[in-house]
Every structure is written in C-alpha cells, then in structure tokens.
Amino acid sequence: HPCKIRINFPDRRIDVATSAEESVEGVVRSLRIVVGGLMAGLAAFAAIGIAMAPISDPPDPGMSRLLLLGLPVVMVACAGAYFTLRLSMIRDLASRAVELRQSAEPARLIVGRYRQFAVVGAGLIDFPGAVGGLAYLVTGNPIALGALAGAALLLLAHMPSVDHLHRLAERAAMGSEA
C-alpha cells in the first residue's frame, strides 16, 4: 500500500513520493505510456482517414472551409498555451532553486510539476493533430493530414525521459530559466 507524504505550506504544496510506484522512473514510465498512447491514437486516426477520406463525396464546402481555416487557429492557440505552460513550469521551478540545491534528489521534488507539464503539454500537442485528422477525414485535404503527422512528431519530441527530468531539475537548482 503506497504511502504519500503531503506537506502544505501557505504558498506551495510539496509532494514527496515514498513508494516504489511513485519513483521518478515509475512516473516517467507512466508518462511515456500516456504520450505513446496519444501517438498511437493519432496513427490510428491517420489510418482511418487514409482509408475513408473524404467521408462524403463531394465534401461539404462550408464544413471543409471551416475546418481548414480553423485548423491553423487551433494550432496557434495550442502552441501558445504549450509555451505559456512550459514557461510557467520553468519559472516555478527556478523560484525553488534554493530548495532544489539543498536536496540530494531534486528530480524527486519536481516530479509532480513535470508530470503536470508532460500530460497537459501532450494534450495541447495532440488536440491540433486530432483536429487535423478530423479535417482530413471530412475534406480529404492532405494539408490536414500533415498537421496530424506534425503533431505525432511533436509528441515524439515531447516524450518524457528520466534524463530530461534530471537535467530540468539541475537547471532549476541553478536558478536557470533557460
């Protein structure tokens, strides 16, 4: 039965994992499964789209136009939200530099924040890909399929790793926002 210690301070909550299930490696393994699942979903959506697109012949011009014009808007909005989320995480971690420098295992102290970034960030990458898959399914336009493929590649680049988490903790301990 896993045990988790929660220490509440007025301005911040610190979660310290005390079970093997909550180890840094275990958390990263779980995050890799989540991101890999999103990538598999996009691949399945692409396969269905390639097999069936467009679902109506000829495609509805109004819906096609709406989806193809909405796709870049969704992409820009999600990219902006992703970079805002990333910057927020980096600033938050940099503000904890003293605490992280004093810890023998700083990665363990930031694993909760890293998990939040990895999951929400993956969703922000996946959503435009899913919209691209829908647009391809409705319109048959290969540009929309390109958005789906681009999202899959970005998810691959976003794939969590223990090394990345440790480097992030080291940079945060130095107070770096880079």
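Reference entry: report on the structure contained in this document.

Cut-offs used in this document
- Residues numbered from 1 in each chain as written.
- Predicted model: local features only at pLDDT ≥ 70, side-chain atom pairs only at ≥ 80, totals over all residues.
- Heavy atoms only, no water.
- Axes fitted to C-alpha atoms, helices over the stretch in contact; angles between N-to-C directions.
- Helix = DSSP H or I, 4+ residues; strand = E, 2+ residues; numbered from the N terminus.
- Parallel < 35°, antiparallel > 145°, perpendicular 65-115°, else oblique.
- Left-handed = near helix turned anticlockwise from the far one by under 90°.
- Contact = heavy atoms within 4.5 Å.
- Nonpolar A, V, L, I, M, F, W, Y, C, P; charged D, E, K, R; others polar.
- Phe/Tyr/Trp six-rings, centres within 6.5 Å; stacked < 30°, edge-to-face > 60°.
- Buried < 20%, exposed > 50% of the residue type's maximum accessible area, 1.4 Å probe, protein only.
- Salt bridge = Lys/Arg side-chain N within 4 Å of Asp/Glu carboxyl O.
- Lys, Arg positive; Asp, Glu negative; His and termini not counted.

Where helix α1 (residues 24-52) meets helix α5 (residues 142-158), the closest approach of the two axes is 10 Å, and the angle between their N-to-C directions is 165°. In this view, α1 runs roughly antiparallel relative to α5, as classed from their interaxial angle. Our pair here, α1 against α5, has a crossing hand that is left-handed. Residues Val35, Leu38, Met39, Leu42, Phe45, Ala46 and Ile50 of α1 form the contact with α5, whose participating residues are Leu145, Leu148, Ala151, Ala152, Leu155, Leu156 and His158. Class assignment for the residues of the contact of α1 with α5 results in 13 nonpolar, one polar and no charged.

Further remarks concern the packing of aromatic side chains. Taken as a whole and assessed by the stated rule, the structure comprises two aromatic pairs. Judged by centre distance (5.3 Å) and plane angle (90°), the rings of Tyr82 and Phe83 are edge-to-face. The exposure class of Tyr82 is buried, given its relative accessible area of 15%. Seen in terms of ring centroids, Tyr82 and Phe117 are 5.5 Å apart; in terms of plane orientation they differ by 50°. Their pairing is tilted. You can see Tyr82 sitting in helix α2 (residues 61-94) and its partner Phe117 sitting in helix α4 (residues 106-139), a full 35 residues away along the chain. With respect to class, Tyr82 is no different from Phe117; both count as buried. An aromatic cluster is defined as three or more aromatic residues linked by ring pairs; in this entry it consists of Tyr82, Phe83 and Phe117.

Right, let's talk about the pattern of salt bridges for a bit. Within the structure shown, the criterion is met by two salt bridges. Here Arg113 makes a salt bridge to Asp92, at a shortest N to O gap of 3.1 Å. Of this pair, Arg113 sits in helix α4 while Asp92 sits in helix α2; the two residues are 21 residues apart in sequence, bridging distant segments of the chain. The buried category is assigned to Arg113, whose relative accessible area is 15%.

Residue placement: Asp126 occurs in helix α4. No salt bridge is formed by the buried Asp126; the nearest opposite charge belongs to Arg32, separated by 17 Å. Those residues in contact with Asp126 that sit more than four places away from it in its chain are Leu38, Leu42 and Leu155.

So, on to the packing of α2 against α5. Any two packed helices are characterised by the angle at which their axes cross and by the distance between the axes. Axis separation between α2 and α5 bottoms out at 11 Å; the angle between their running directions is 15°. With respect to α5, the axis of α2 lies roughly parallel. The hand of the α2/α5 crossing is left-handed. Contacts between α2 and α5 involve Leu68, Leu71, Met75 and Tyr82 from the first element and Ala144, Ala147 and His158 from the second. Residue classes in the contact of α2 with α5 are distributed as six nonpolar, one polar and no charged.

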